[in-house]
Amino acid sequence: MEITKFNHSCIRVSSGGRSLLIDPGTFSPLERALEGAEAILATHVHADHLDVEAVVAAMGRDAKLSFRGPAALAASVLDAATQASVPDAAARIHGLGPGEVFEAAGMEISTHGGMHAVIHHSLPVVANIGYFIDRTLYHPGDSYQVPEGIAVETLLVPAHAPWAKIGETIEFLAMVNAADNIPIHDGLLNERGLSLVDGHLGRVAAEHGLGYRRIPNETPVVLGQR
């Protein structure tokens, strides 16, 4: 399996010559990120994780491109795609909940979690789906809920967010206990912030005998090779 990060939380996953894209949001270069993808997975509704207009346009250009996300989000994407006259939109857009298993781009995927982390009690909590891909890679979206019933080899760690603090990030990394940990959700950090986060997470990972590495943007990385 090979992954490519396109800024923030947008990750292309490739295996066997086929690719899917997770969380194509507004912080990412989507024209390049979407190239060659057969399927799009969105963890939740927030714009930094899903640019609905860009996704609908891409589905209009590519009749084989599918979309999956939390049920309410999928319904809104379907509405936008229908308004844009995207062919066969209803057959290509699928709503999900936690506890499901399906195949996309030739990869086995299970869904986990359920809800976005709480930002503040005054703000609504939205649905959030984490994706476990080919029994190897876990993308949690915006949640530190530890997935049950799976053994994660590579964890994509949300490194910074309005809803997070570094102590919670550290606990999540340690509790999932993945051999390989790669930071994501860091599009708001400058070089100083990235260095601080990497210092904390790298230290804790090492203390637990786990790997931690930052991967460069738009450069494919083969999982299992550290």
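Rules used in this analysis
- Residues numbered from 1 in each chain as written.
- Predicted model: local features only at pLDDT ≥ 70, side-chain atom pairs only at ≥ 80, totals over all residues.
- Heavy atoms only, no water.
- Helix = DSSP H or I, 4+ residues; strand = E, 2+ residues; numbered from the N terminus.
- Rg over C-alpha atoms; globule rule 2.2 N^0.38 Å.
- Buried < 20%, exposed > 50% of the residue type's maximum accessible area, 1.4 Å probe, protein only.
- Contact = heavy atoms within 4.5 Å.
- Areas by Shrake-Rupley, 256 points an atom, 1.4 Å probe, with all protein chains shown as cover.
- Lys, Arg positive; Asp, Glu negative; His and termini not counted.
- Charge placed at Lys NZ, Arg CZ, Asp CG, Glu CD.
- Pairing = 2+ DSSP bridges.
- Axes fitted to C-alpha atoms, helices over the stretch in contact; angles between N-to-C directions.
- Salt bridge = Lys/Arg side-chain N within 4 Å of Asp/Glu carboxyl O.
- Expected span 1.5 Å × (residues − 1).
- Arc of directions from axis to C-beta.
- Polar contact = N/O pair within 3.5 Å; in protein donor to acceptor, adjacent residues only side chain to side chain.

Q: Sorry, what's going on with the overall build of the protein chain here?
A: Scanning the protein chain from N- to C-terminus turns up six helices and 14 strands. The C-alpha atoms of the protein chain give 17 Å as radius of gyration, which agrees with the globular expectation for 226 residues (17 Å, within 12%). Residue burial in the protein chain is summarised as follows: out of 226 residues, 52% are buried. Nonlocal contacts in the protein chain, meaning residues at least 24 apart in sequence, comprise 57% of its contacts between residues at least 6 apart. For the protein chain, the exposed area adds up to about 10,100 Å²; of that, 52% sits on carbon and sulfur atoms. Here the protein chain contributes 15 positively and 26 negatively charged side chains, and the mean placements of these two sets differ by 4 Å.

Q: What exactly am I supposed to notice about the sheet that holds strand E10 (residues 137-139) here?
A: Whenever strands of a sheet pair, they do so through backbone hydrogen bonds, lying parallel or antiparallel. Spatially, seven strands are ordered E7-E8-E9-E10-E11-E12-E13 in an open sheet, and the strand pairing comes out mixed. Across the chains shown, the open sheet's two edge strands, defined by having one partner strand only, are strand E7 (101-104) and strand E13 (211-212). With five bridges joining them, strand E11 (residues 154-158) and strand E12 (residues 180-184) adopt parallel strand pairing. For Leu155, the partnering residue across the bridge sits in E12 and is Asn181. Helix-sheet contacts for helix H5 (residues 166-176) involve E11, E12 and E13, and the interaxial angle to E11 is about 170 degrees.

Q: Looking at this structure, how should I read the pattern of salt bridges?
A: Side-chain pairs of opposite charge can arise where the charged atoms are in close proximity. By the definition in use, this model includes eight salt bridges. Across the salt bridge formed by Arg32 and Glu218, the nearest N and O atoms sit 2.7 Å from each other. Here Arg32 is found in helix H1 (residues 30-33), whereas its partner Glu218 is found in the loop between E13 and strand E14 (221-222), with 186 residues between them in sequence. Look at the salt bridges and you will find they share partners, linking Lys5, Asp186, Asp198 and Arg214 into a network.

Q: Would you take a moment to explain helix H3 (residues 71-83) for this structure?
A: Residues spaced three or four apart along an α-helix point in a common direction, a consequence of the helix completing one turn every 3.6 residues. Taking 1.5 Å as the rise per residue, H3 with 13 residues should run 18 Å; its terminal C-alpha atoms sit 19 Å apart, in good agreement. Taken residue by residue, H3 has Leu73, Ala74, Val77 and Ala81 as its buried positions. When H3 is viewed along its axis, its buried side chains cluster within an angular range of 95 degrees and face the same direction. In H3, the exposed positions that point more than 90 degrees away from the buried face belong to Ala72, Thr82 and Gln83. If you follow the buried residues of H3, they end up packed against helix H2 (52-61), strand E5 (66-70), helix H4 (89-92) and strand E6 (93-96).

Q: Explain the environment of Asn128 here, please?
A: By the element assignment, Asn128 lies in strand E9 (residues 127-133). You can call Asn128 buried: its relative accessible area is 1%. The sequence separation of Asn128 and Ala117 amounts to eleven residues, and the corresponding C-alpha distance is 8.5 Å. If sequence neighbours within four positions are ignored, Asn128 has contacts with Thr43, His44, His112, Gly113, Gly114, Met115, His116, Pro140, Gly141, Asp142 and Ser143. A polar side-chain atom of Asn128 sits 2.9 Å from the main-chain amide nitrogen of Asp142.

Q: In this structure, what is going on with unusual backbone geometry? I would like to understand it.
A: Negative phi is the rule for most residues except glycine; trans is the rule for most peptide bonds. You will see that Ser85, though not glycine, has its phi angle at about 60 degrees, which is positive. As for its position among the elements, Ser85 is in the loop between H3 and H4. When its relative accessible area of 59% is taken as the criterion, Ser85 is described as exposed. In the Ramachandran plot, His185 falls in the positive-phi region, its phi being about 55 degrees despite a non-glycine side chain. Among the residues examined, His185 registers a relative accessible area of 3% and is labelled buried.

Q: How do you make sense of the side chain of Asp186 when you look at a structure like this?
A: Within the element layout of this structure, Asp186 appears in the loop between E12 and helix H6 (191-207). Here Asp186 falls in the buried class, since its relative accessible area comes to 7%. Asp186 has contacts with Lys5, His8, Ala159, Leu194 and Arg214, leaving out every residue within four places of it along the chain.

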